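Reading the structure
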Amino acid sequence: MKFDDLDIAMRVYETAHDHCVLPGMYMVARLDGRNFTTLTKTTGQFEAPFDVKFRELMVETTRHLMTCGFKVVYGFTESDEISLLFDLDIDLFGRKTRKYHSILAGEASATFTLLLQKHAVFDCRICQLPNPGVVVDYFRWRNEDAHRNALNAHCYWALRKAGQSPATAANTISRKSVAAKNELLFSYGINFNDLPNWQKRGIGFYWQEEVKQGFNPKENQAVNTQRKTLKTDYDLPMKEAYSDFIRGLLERTDIG
Ligand SMILES: Nc1nc2c(ncn2[C@@H]2O[C@H](COP(=O)(O)OP(=O)(O)O)[C@@H](O)[C@H]2O)c(=O)[nH]1
Ligand SMILES: [Mg+2]
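Quick look at the environment of H147 now. Within the secondary structure, H147 sits in helix α5 (residues 132-161). Judged by its relative accessible area of 26%, H147 falls in the partly exposed class. Between the C-alpha atoms of H147 and W198, which are 51 residues apart in sequence, the distance is 9.5 Å.

Take a look at the structure:
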């Protein structure tokens, strides 16, 4: 067979089931660290349940994903996961999901690995969301997941640090209501309300217009230039205020 014919014949096997996200659908990528329960334990350098060094590795990885060539309008990270909302009109790679899955997982894994200096891997999935309301619900879901995780993780580690085995600690928490978990923490001297918001709500990333003052020596006068900077927000709102915040981002036209 001639090379050109072979090329055409073989490409079919590669692309026949290519999935492209339909125009008008919002795309959100969610990346999650592979086996990070083990990774965070075996490096021996991270405090449990929350560690600022680990947080900053996730922050730097998210910032890289938002600036590596995809038009991302909002990023969010909690625990070992990252969500990225793409511009509604993104057309990169013809919206082929396999390209987003593989490149974003690769970019995240490479960045985190270089930062940690240890082998680290992320998976990636694309959620296809039909309208702004579902996008708001998606991020509200992750925001509330951060809250629930923080409560459970603080309870679990309070019990572990008090001497309970992993199985006993997990079992003790599983039967408790939210109110009982708050009381349990209180009995160990932790007021859940006073814990930092980044632990309970996750961390957000979005573009902000910044006015920079410069000087034009030719005209001998001050000039203002506008530039976009990527803000890392460690103090996100929660509940309805967070939904409003996401709605506000979606209504802006100058982002990305
Ligand atoms: N020590 C520590 N571990 C963390 C921190 N953030 C996330 N992790 C770990 O990352 C895991 C993420 O959960 P999950 O994705 O379900 O676990 P995986 O399947 O092992 O990656 C948590 O269970 C924690 O063990 C942190 O700040 N400190
Ligand atoms: Mg994980």
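All right, on to the coordination of the magnesium ion (ligand 2) then. The magnesium ion (ligand 2) binds to the protein through D32 (OD), G33 (O) and D80 (OD), with metal-donor distances spanning 2.0 to 2.2 Å. Sequence spacing of the donors to the magnesium ion (ligand 2): D-G-x46-D. On the criterion of sequence distance, the pair formed by G33 in strand β1 (residues 26-33) and D80 in the loop between β2 (72-78) and β3 (81-86) is long-range, its members being 47 residues apart. D80 gets classed as buried once you look at its relative accessible area, which sits at 12%.

A word on the side chain of R55. Looking at the secondary structure, you find R55 in helix α3 (residues 52-65). In this view, R55 contacts W198, I203 and Y234; residues no more than four positions away in its chain are not counted.

This next bit is on the environment of F50. With respect to the helices and strands, F50 occurs in the loop between α2 (36-42) and α3. Distance in space between the C-alpha atoms of F50 and F112 is 17 Å, their sequence separation being 62 residues. Beyond its immediate chain neighbours, meaning those up to four positions away, F50 contacts A150, H154, W198 and Q199.

If you walk through the whole model with that rule in mind, you get 21 aromatic pairs. Pairing F50 with W198 gives two aromatic rings, centres 5.7 Å apart and planes at 90°, and the pair type is edge-to-face. Pair noted here: F50 is in the loop between α2 and α3 and W198 is in helix α8 (residues 197-201), with a separation of 148 residues, a long-range link. With a relative accessible area of 13%, W198 lands in the buried category. When the centroid spacing of 5.3 Å and the interplanar angle of 65° are considered together, the rings of Y206 and F245 count as edge-to-face.

Taken together, the neighbourhood of ligand 1 is formed by 15 residues, with G33, F36, T37, D51 and D80 sitting nearest. In this structure, an oxygen atom belonging to ligand 1 sits 3.1 Å away from a side-chain N or O atom of D32. At 3.0 Å from an oxygen atom of ligand 1 is found a side-chain nitrogen or oxygen belonging to D80. Burial of ligand 1 by the surrounding chains reaches 69%, relative to a free accessible area of 580 Å². Most atoms of ligand 1, that is more than half of them, are within 2 Å of grid points of the largest pocket. If you list the elements that add at least two residues to the shell around ligand 1, you get β1 and α2. Broken down by element, the shell around ligand 1 gets its largest block of residues, three residues, from α2. Split into classes, the residues belonging to the shell around ligand 1 amount to six nonpolar, five polar and four charged.

A word on the nonpolar core. Core analysis: the biggest nonpolar cluster contains 47 residues, and L31, L84, F86, Y100, L104, F112 and F122 have the highest contact counts within it. For F112, the residues in contact, after removing those within four places along its chain, are F36, L39, F54, L57, M58, T61, A120 and F122. With 18 residues, the next largest nonpolar core counts L129, V135, V136 and F245 among its residues.

Rules of the game
- Residues numbered from 1 in each chain as written.
- Chains lettered and ligands numbered in written order.
- Predicted model: local features only at pLDDT ≥ 70, side-chain atom pairs only at ≥ 80, totals over all residues.
- Heavy atoms only, no water.
- Helix = DSSP H or I, 4+ residues; strand = E, 2+ residues; numbered from the N terminus.
- Buried < 20%, exposed > 50% of the residue type's maximum accessible area, 1.4 Å probe, protein only.
- Donors = N, O, S within 2.8 Å, 3.2 Å for Na, K, Ca; no water.
- Contact = heavy atoms within 4.5 Å.
- Phe/Tyr/Trp six-rings, centres within 6.5 Å; stacked < 30°, edge-to-face > 60°.
- Near = heavy atom within 4 Å.
- Polar contact = N/O pair within 3.5 Å; in protein donor to acceptor, adjacent residues only side chain to side chain.
- Areas by Shrake-Rupley, 256 points an atom, 1.4 Å probe, with all protein chains shown as cover.
- 1 Å grid on protein atoms, 1.4 Å probe; cavity = no way out; pocket = protein on both sides within 12 Å on 5 of 7 lines; lining within 4 Å.
- Sits in = over half its atoms within 2 Å of the grid points.
- Nonpolar A, V, L, I, M, F, W, Y, C, P; charged D, E, K, R; others polar.
- Core = buried A, V, L, I, M, F, W, Y, C linked by side-chain atoms within 4.5 Å.

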